[in-house]
Amino acid sequence: GYDERELTAVADRLETRMRRHREYTTAIGRADGDRFATAVLLGFPADRDDVVDTIVFGHEPPLAVCPDGVRALPVAGGLPLGYRDLAPGRPRMCRVPLKGDETLLVVTDGVTEARDAEGRFYPLVDQVRRAVARDPQLAAPARLVSFVRDGTLRHSGGHLADDTTAFAVRRTGAPVGEGHEGGRSPY
């Protein structure tokens, strides 16, 4: 991602890597099924501090969490990486408004599909919404990840059937050109 200015170029590189890997495994006789990956790409334009660029490849959409509440980012859905031959052309990038106090939360489906003893899925959005309403400081990235981890484990009784990852990030600092030497981004 450091070598490309455009998020869509990063998406193209990832898709090319998936295709090349599939071609390689086929060439060595290991055509062991479809190769694909779900992913979320996030880009923070250096000249803006009020937006985030997103490309979603068959993945859970990111959530924006702040003391005022929780919202799913309105992103265009796309096929997982490795399936571009089914929908040729570049994936659509969405530029979404982002407030300064919003934390972006990205989780794998192992979190949202964690089940309790009765087979019910973990209600991530409801749990985060209620917790942030009680304690607005929970929207801080490290606290938010800890809350999601603990809540997922508690909900599933510690029995996870899939990989679970929670990642949270909040943009800080001023945009490039506002007090940063050499055009370097603080992000």
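See the structure printed just above.
Let me begin by describing the structure that accompanies this report. These numbers come from a predicted model, not from an experiment.

### Quick word on the side chain of His 59
With respect to the helices and strands, the residue His 59 is situated in the loop between strand S2 (51-57) and strand S3 (63-66). For His 59, a relative accessible area of 17% gives the class buried.

### Looking at the pattern of salt bridges
Within the structure shown, the criterion is met by 11 salt bridges. Salt-bridge contacts for Asp 68 lead to Lys 99; the nearest nitrogen and oxygen are separated by 3.4 Å. Here Asp 68, found in the loop between S3 and strand S4 (69-72), pairs with Lys 99, found in the loop between strand S5 (94-97) and strand S6 (103-107); they are 31 residues apart in sequence, far enough to count as distant. Exposure remark for Asp 68: the relative accessible area of 65% places this residue in the exposed category. For Arg 149, the salt bridge identified is with Asp 150, shortest N-O distance 2.9 Å. Beyond isolated ion pairs, a larger network of salt bridges with shared partners links Asp 116, Glu 118 and Arg 120.

### Some remarks on helix H4 (residues 141-156)
The end-to-end C-alpha distance of H4, which contains 16 residues, comes to 23 Å, matching closely the 22 Å that a straight helix rising 1.5 Å per residue would cover. Within H4, the full set of buried residues consists of Leu 144, Phe 147, Val 148, Gly 151, Thr 152, His 155 and Ser 156. End-on view of H4: buried residues confined to an arc of 135°, all on one side of the axis. What points out from H4, more than 90 degrees from its buried face, is the exposed set Ala 142 and Arg 154. Backbone geometry just downstream of H4 places Gly 157 in the positive-phi region, at approximately 65°.

### What about the layout of surface pockets?
Here the second largest pocket is characterised by a volume of approximately 210 Å³. Contributing to the lining of the second largest pocket are 17 residues, with Phe 57, Gly 78, Leu 79, Ala 87 and Pro 91 lying nearest its centre. The element that contributes the greatest number of residues to the lining of the second largest pocket is S2, accounting for 3 residues. Its residues assigned to classes, the lining of the second largest pocket shows 10 nonpolar, 3 polar and 4 charged.

Rules used in this analysis
Residues numbered from 1 in each chain as written. Predicted model: local features only at pLDDT ≥ 70, side-chain atom pairs only at ≥ 80, totals over all residues. Heavy atoms only, no water. Helix = DSSP H or I, 4+ residues; strand = E, 2+ residues; numbered from the N terminus. Buried < 20%, exposed > 50% of the residue type's maximum accessible area, 1.4 Å probe, protein only. Salt bridge = Lys/Arg side-chain N within 4 Å of Asp/Glu carboxyl O. Expected span 1.5 Å × (residues − 1). Arc of directions from axis to C-beta. 1 Å grid on protein atoms, 1.4 Å probe; cavity = no way out; pocket = protein on both sides within 12 Å on 5 of 7 lines; lining within 4 Å. Points joined across faces, edges and corners; volume = space filled by probe spheres on them. Nonpolar A, V, L, I, M, F, W, Y, C, P; charged D, E, K, R; others polar.

As far as function goes, none of this settles anything; it's purely spatial.
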